[in-house]
Amino acid sequence: MALVEPDQRLACGLGPIGTGVHLDALAMGIRGGLFNRFLDTRPGIDVITAVVGHAVVATGENRKTAHQAADLYRTWEATHDESSLHPSGHHADTMPPNHMRHARLTSLLLLVVPVAGCAEGEVPAPLPVAPTVASPDTAATAASLRFVEITDAVGLRFTHDPGFEGEYRFQEIMGPGCALADFNGDGRLDIYLVNGQRPAGDRLYLQTPDGVFTDRTGQSGLTATGYGMGCVVGDYDNDGDLDLYLTNLEGDRLWRNNGDATFTDVTESAGIDNRMWSVSASFFDFDRDGWLDLYVANYVLDPASARCFDLAGRPDYCGPDRMPPAPDKLYRNLGDGRFLDVSAISGIANVAEPGLGVLCADLDGDGWQDVYVANDMARNFLWINNRDGTFTESAALAGCAFNRDGAAEAGMGIALGDVDRDGLGDLFITHLRGETNTLYRTQSPGVFEDATDASGLGMSSTPFTGFGTVLADFDHDGALDLIVVNGAVKRRALIAPNTTSEDHWRRYAEPNLAYHNDGSGRFGNVSAAAGAICQRAEVSRGLAVGDIDNDGDLDLLTTQLGGPARLYRNETQRRGRWLIVRAIDPELGRDALGAVVTVTAGGNTHERVIQTGSSYASGREPAAHFGLGEVEGVQSVVVRWPDGMSERFSGVRFDTVIELRRGDGTCD
């Protein structure tokens, strides 16, 4: 039985622990001081998160055990540096006795964990991918997802500038977002990239007919100011093109699209006056008047005053618990180009938590748009629309404010999708290292249950901090798969030798995660086989999805802190047919954000929501993509429009992009 270094563990994975192994019994066997010397080494401590997490999965222990192990790991790595290691690999100082007691337990777990795929003495090539401890079906799905980087080939050249000057300013660790959308109406997706230090500038890239992206920022009129965080798209003036809202550290901006991918700053004339630190935003029509309103998730107040240090006394980035939370903003569209701040009268401003991710959809099944907010180190919000211009915060009652253990987590990004194909949209939230990402499965409209462990999405996410995330059917088998991009917010030990991040950011770099859905809502971790998107460690933040090359499958755009934006083409082997639907309301002259599209094909029913704001600080094209599996035809497509009316469309073919226009179907 081999003991492996941390990077070897990443390459080999960990085999199953016997079901008879229990943590209490193991603790009794090591109280005599066994393994003290081993636990003074980096390998001894670096296995804590993965091994204890594996024990939790195998034995069914409570997730809090793994969370405690992760807290111990973070404490150790915050107080130890590579420079303090002796040549033998041991530290000059030792861990406190209480830490040693818990760590010895972990070391014995390591000894009873057979290493899968590594013979005694074998040293495999290190892979910067997550341990596969939470995905026993990984081997069966290892070839399911594959992405190839095409950034350089398509002319996309952008490097994020966080403005790091050694002061560890809070905002440096939080951005940036991105958007994939057709800004000039030519049928090809374009790219918007947010920068931190605005003298370096945001960039707008338009796609040419040959698939190359050209920087058209100078011609666009976009002169973004302030410290950038994120963006979202939506046609707020109902003129048929996508406008752009930018979230900032101080002072958001609204840019009206002139119809040709040139933009006019209408922030002041539109009545937008959000001076707080905002990160994510979403357009939606909460009052059903046909005009898109706007929800803005704000983070914390007075971030400039905060200075924080790790346990070793070194400067590091703060968390939101050091500052008061900022209340969110809700703007009602008046229909004449102006917005009215209704945050107070709607009830949105009555409570405040540090908001990072936001998603708008009908989450309780009453036909009116609600709002879900992922809050950082605090309970999440579920704002239920009362249909009278007010909202009621109901997350705790609905079961999606806390995790299964009743604990608030550090919410970052959000994805919505029906992962178990029961006709109900589920919520997936990314979280801080030491927590698991969380899947809230919808039991009935407006009622959620934490199904993270049952879905296989728990322990593989514990070693990493997740930000942008997407639920999409990447292989067209009819089930939604999952991508999570990661990057730490606190200094950590180097996770992989081949990180491409600059020196300062290397201590925050983490690999991304890819999961394949087996069709029942059970996910296998296929990161090791997913290609370029999971092969390097970076400080990833934004993630947007869209069909870049118009071939019917979904590609990915990511952003990194202090690093390049990256574009990935989907080269996953297809397992079925596909359909992309645009839902257009001719009377409004725009895409019907909030519409629910239901496709029936091959006896299966698939449901998607038309939306542009989700993930983390990022925007996407207002289109619904469906993988259909191996089917002979599409039986029907039903669109439930945002005002509650439904229409059925027949004669729809697969493997095509189709625009469904309100009034062309039959009332359902």
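Residues numbered from 1 in each chain as written. Predicted model: local features only at pLDDT ≥ 70, side-chain atom pairs only at ≥ 80, totals over all residues. Heavy atoms only, no water.

A. Fine view of the sheet that holds strand β23 (residues 447-450). Spatially, β20-β21-β22-β23 is the arrangement adopted by the 4 strands of the open sheet, whose pairing is antiparallel. A single partner strand is all that each edge strand has here, and the edge strands are β20 (414-417) and β23. Across the sheet, the mean angle from the axis of one strand to that of its neighbour is 25°, orientation sign disregarded. Of the pairings in the sheet, the one linking strand β21 (residues 426-429) to strand β22 (residues 438-444) comprises 3 bridges and is antiparallel in character. From the neighbouring strand, Phe428 faces β22, where its bridge partner is Leu439. (Pairing = 2+ DSSP bridges. Helix = DSSP H or I, 4+ residues; strand = E, 2+ residues; numbered from the N terminus. Axes fitted to C-alpha atoms, helices over the stretch in contact; angles between N-to-C directions.)

B. Quick look at unusual backbone geometry. Residue Gly175 is joined to Pro176 through a cis peptide bond whose omega torsion reads 0°. With respect to the helices, strands and loops of the structure, Pro176 is situated in the loop between β1 (147-149) and β2 (178-181). Its identity as a non-glycine residue notwithstanding, Asn238 has a phi of 55°, on the positive side. One can find Asn238 in the loop between β6 (228-234) and β7 (243-248). The backbone phi angle of Ala617 is positive, close to 55°, even though this residue is not glycine. Relative to the assigned elements, Ala617 resides in the loop between β35 (613-614) and β36 (618-620). The class for Ala617 is buried, based on a relative accessible area of 0%. (Buried < 20%, exposed > 50% of the residue type's maximum accessible area, 1.4 Å probe, protein only.)

C. Main features of the packing of aromatic side chains. Under the criterion given, the structure shown has 16 aromatic pairs. Taking 5.2 Å as the distance between ring centres and 85° as the angle between the ring planes, the aromatic pair formed by Phe147 and Phe474 counts as edge-to-face. Note that Phe147 is positioned in strand β1 and Phe474 in the loop between β24 (466-472) and β25 (481-486), a separation of 327 residues in sequence. Classification of Phe147 by relative accessible area gives buried; the value is 1%. Taken together, a centroid distance of 5.0 Å and an interplanar angle of 55° make the contact between Tyr168 and Tyr317 tilted. Here the residue Tyr168 occupies a position in the loop between β1 and β2, and Tyr317 occupies one in the loop between β13 (315-316) and β14 (329-333), the gap between them amounting to 149 residues. Taken together, the ring pairs connect Phe164, Tyr168, Tyr317, Trp505 and Tyr508 into an aromatic cluster. Between Arg541 and the ring centre of Phe467, over which it is positioned, the NZ or CZ distance is 3.8 Å. (Phe/Tyr/Trp six-rings, centres within 6.5 Å; stacked < 30°, edge-to-face > 60°. Lys NZ or Arg CZ within 6 Å of the ring centre and 35° of its normal.)

D. View of the state of the cysteines. This model, assessed by the stated rule, comprises 1 disulfide. Disulfide pairing places Cys308 opposite Cys318 at an S-S distance of 2.0 Å. Taking the sign of the S-S torsion, 105° for the link of Cys308 and Cys318, the bridge is right-handed. Separated by 10 residues along the polypeptide, Cys308 in strand β12 (residues 308-309) and Cys318 in the loop between β13 and β14 bring together distant segments of the chain. (Disulfide = S-S within 2.5 Å.)

E. How the structure looks around the sheet that holds β14. One open sheet holds the 4 strands; their spatial order is β10-β11-β14-β15, and the pairing between them is antiparallel. The sheet is open, and its two edges are formed by β10 (278-284) and β15 (339-341), each paired on a single side. Averaged over all neighbouring strand pairs, the angle between strand axes comes to 20°, with direction disregarded. Inspection of the sheet shows β10 paired to strand β11 (residues 293-298) by 6 bridges, in the antiparallel sense. Bridged to Phe284 within β11 is Asp293.

F. Just the nonpolar core, in detail. Residues Tyr245, Leu254, Phe283, Leu294 and Val637 are the most contacted members of the largest nonpolar core, which totals 35 residues. Sorting the residues of this core by element identifies β10, β11, β31 (577-585), β33 (596-601), β37 (624-629) and β38 (634-640) as the ones contributing at least two each. For this core, the two domains that each supply at least three residues are domain 1 (147-415 + 422-579) and domain 2 (580-615 + 622-667). Beyond its immediate sequence surroundings of up to four residues, Phe283 is in contact with Val232, Val233, Gly234, Tyr236, Tyr245, Leu254, Leu292, Asp293, Leu294 and Leu593. (Core = buried A, V, L, I, M, F, W, Y, C linked by side-chain atoms within 4.5 Å. Domains from an automatic or database assignment. Contact = heavy atoms within 4.5 Å.)

G. Structural view of the pattern of salt bridges. Taken as a whole, this structure holds 37 salt bridges when the rule is applied. For Asp553, the salt bridge goes to Arg574, with nearest N and O atoms at 3.3 Å. Here Asp553, found in the loop between β28 (540-546) and β29 (555-560), pairs with Arg574, found in the loop between β30 (566-570) and β31; they are 21 residues apart in sequence, far enough to count as distant. You can call Arg574 partly exposed: its relative accessible area is 34%. (Salt bridge = Lys/Arg side-chain N within 4 Å of Asp/Glu carboxyl O.)

H. Structural context of the confidence of the model for the protein. On average, residues of the protein score 83 in pLDDT, and 77% of them are at 70 or above. Every residue in residues 1-62 scores below 50 in pLDDT, and together they form 150 contacts with partners more than four places removed in sequence or on other chains. Long-range and interchain partners of residues 80-143, a stretch whose pLDDT sits below 50, account for 160 contacts in this model, where long-range means more than four residues apart. (pLDDT = per-residue confidence, 0-100.)

I. Focus on the environment of Gly365. With respect to the helices and strands, Gly365 occurs in the loop between β16 (355-361) and β17 (370-375). Gly365 sits in the exposed class, given a relative accessible area of 56%. Once the C-alpha coordinates of Gly365 and Ser444 are considered, the two residues, 79 residues apart in sequence, prove to be 8.8 Å apart.

J. Quick look at the pairing of strand β3 (residues 190-193). Taking every second residue as pointing to the same face, both faces of β3 are buried, with Asp190 and Tyr192 on one and Ile191 and Leu193 on the other. Bridging between β2 and β3 involves 4 bridges; their strand directions are antiparallel. Bridge pairing in β3 places Ala181 opposite Asp190. Where β3 and strand β4 (residues 203-207) come together, 3 bridges link them in antiparallel fashion. In the sheet register, Ile191 faces β4, and the bridge partner there is Tyr205.

K. A look at the environment of Asp664. Relative to the helices and strands, Asp664 resides in the loop between β40 (656-661) and β41 (666-667). Take Asp664: its relative accessible area is 58%, and that puts it in the exposed class. As a C-alpha pair, Asp664 and Glu647 span 17 residues in sequence and 8.3 Å in three-dimensional space. Beyond its immediate stretch of four places on either side in the chain, Asp664 contacts Glu647 and Phe649.

L. Main features of the pairing of β22. For β22, a buried count of 5 out of 7 residues is recorded, marking the element as mostly surrounded by other parts of the structure. Here β22 runs beside β23; their pairing, made up of 4 bridges, is antiparallel. Among the inter-strand pairings, Ser444 is bridged to a residue of β23, identified as Val447.

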